[in-house]
Amino acid sequence: EGDGLFPWLHDPDYPIPEPRGRISSPKPGDNRETITIEQLKRIASFSEVTIGGHTVNHVIMTTCTEDQLRREIVDCKRRLESLTGARVDSFAYPAGQYDSRGPRYLREYGFRLAATTEATFVSPNTDCLVVPRICVPDDVTFPEAICRMLGIWRPVLDPIKAVLHLEKIPSVPPAA
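Residues numbered from 1 in each chain as written. Predicted model: local features only at pLDDT ≥ 70, side-chain atom pairs only at ≥ 80, totals over all residues. Heavy atoms only, no water.

(A) Inspection of the overall build of the protein at higher detail. On a plain count of helices and strands, the protein comes out with six helices and two strands. The helix and strand sequence of the protein, counted from the amino end, reads α-α-α-β-α-β-α-α. Here the protein, with 176 residues, has 35% of them falling under the buried criterion. Working note: accessible area of the protein is about 11100 Å², and carbon and sulfur atoms make up 57% of it. (Helix = DSSP H or I, 4+ residues; strand = E, 2+ residues; numbered from the N terminus. Buried < 20%, exposed > 50% of the residue type's maximum accessible area, 1.4 Å probe, protein only. Areas by Shrake-Rupley, 256 points an atom, 1.4 Å probe, with all protein chains shown as cover.)

Have a look at this one:
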C-alpha cells in the first residue's frame, strides 16, 4: 500500500538503530521498493509460501507505547490475513529489535514463531518467539560469509577488523 518506498531509505529522521543497514538505495526511475498487494496475494497463493507479520509501519518495537505496539501487531496480522486468506502466525522483528513485550504480545495474539537478527544458533531451549537468524549480506567477502554461516563470524573477524581499524559491526542488544 502507499507509495511502496522504504522509509528508512528516504527519511533521515526515521528511527532505525545504527548502522542504518546495508540496504542499497533505489535506482533512479524506480517507483517502488516493496511488492504490491496484488503481488502479495499471488505470492501467498503458493502452498510453499508462508506470509508473516512485520508490523504495519515497520516501527522499532522498543520505541512504541503499549497501545502502539499492540496496534502494530494486531493490525498487521488482521490485514495480512484479510489480504491473503491465510493464517498469519509467524513474525520478523523490524530491524531485529524487541523487548520483553514483543514475544508476550505475539504469543497473546496467536503467533507461533518470530525471528530476530541475533547471530546465534537455535538450541533446544530457544523460545519460538525469539528465534535467532544469521544474516549473510550480499556485500560481504566469501570468507566472511562462511564465518557467519558457521557461527564463527564475531570471534574470528571482529579482532581482525579491530587490528585493521575497520568498522566493527555492532552486536544486537539482548532482549530485555
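Moving on from the model shown.
(B) Spatial organisation of a nonpolar patch on the surface. A cluster of nonpolar side chains, contributed by Val136, Phe142, Ile146, Met149, Leu150 and Ile152, occupies part of the molecular surface with about 550 Å² of accessible area. Mapped onto the secondary structure, Val136 falls in the loop between strand S2 (113–115) and helix H5 (142–150). (Patch = residues over 30% accessible without salt bridge, like charges linked within 9 Å, V, L, I, M, F, W, Y side chains within 5 Å. Salt bridge = Lys/Arg side-chain N within 4 Å of Asp/Glu carboxyl O.)

(C) The arrangement of the pattern of salt bridges in detail. Enumeration according to the criterion identifies seven salt bridges in this entry. A salt bridge links Asp89 to Arg112, with the nearest nitrogen and oxygen atoms 3.2 Å apart. With Asp89 in the loop between helix H3 (66–84) and strand S1 (90–92) and Arg112 in the loop between helix H4 (101–108) and S2, this pair connects stretches of sequence that are 23 residues apart. Among the residues examined, Asp89 registers a relative accessible area of 13% and is labelled buried. Among the charged side chains, a network of salt bridges with common partners joins Glu66, Asp99 and Arg101.

(D) Quick look at the packing of aromatic side chains. Enumeration over the complete set of coordinates arrives at three aromatic pairs. With 5.5 Å between their ring centres and 75° between their planes, Phe91 and Tyr93 make a pair best called edge-to-face. The same class applies to Phe91 and to Tyr93, which are both buried. What links up through ring pairs into an aromatic cluster is the set Phe91, Tyr93, Tyr98 and Phe111. When the ring centre of Phe111 is taken as origin, the NZ or CZ atom of Lys77, which lies over that ring, is 4.8 Å away. (Phe/Tyr/Trp six-rings, centres within 6.5 Å; stacked < 30°, edge-to-face > 60°. Lys NZ or Arg CZ within 6 Å of the ring centre and 35° of its normal.)

(E) Local environment of the nonpolar core. Ranked by size, the top nonpolar core spans 22 residues in total, and within it Ile73, Phe91, Tyr93, Leu106 and Phe111 carry the most contacts. Secondary structure elements with two or more residues in this core: helix H2 (37–44), H3 and H4. The greatest single-element share of this core, amounting to five residues, is contributed by H3. Dropping the residues within four chain positions of it, Phe111 is found in contact with Ile73, Lys77, Val88, Asp89, Ser90, Phe91, Leu106 and Leu129. (Core = buried A, V, L, I, M, F, W, Y, C linked by side-chain atoms within 4.5 Å. Contact = heavy atoms within 4.5 Å.)

(F) Seen up close, the packing of H2 against H3. Where H2 contacts H3, the two axes come as close as 9 Å, and the packing angle between them is 70°. One way to sum up the angle between H2 and H3 is to call them roughly perpendicular. Seen from H2, the contacting residues are Ile37, Leu40, Lys41 and Ala44; seen from H3, they are Arg79, Leu80, Leu83 and Thr84. The residue inventory of the contact of H2 with H3, partitioned by class, reads five nonpolar, one polar and two charged. (Axes fitted to C-alpha atoms, helices over the stretch in contact; angles between N-to-C directions. Parallel < 35°, antiparallel > 145°, perpendicular 65-115°, else oblique. Nonpolar A, V, L, I, M, F, W, Y, C, P; charged D, E, K, R; others polar.)

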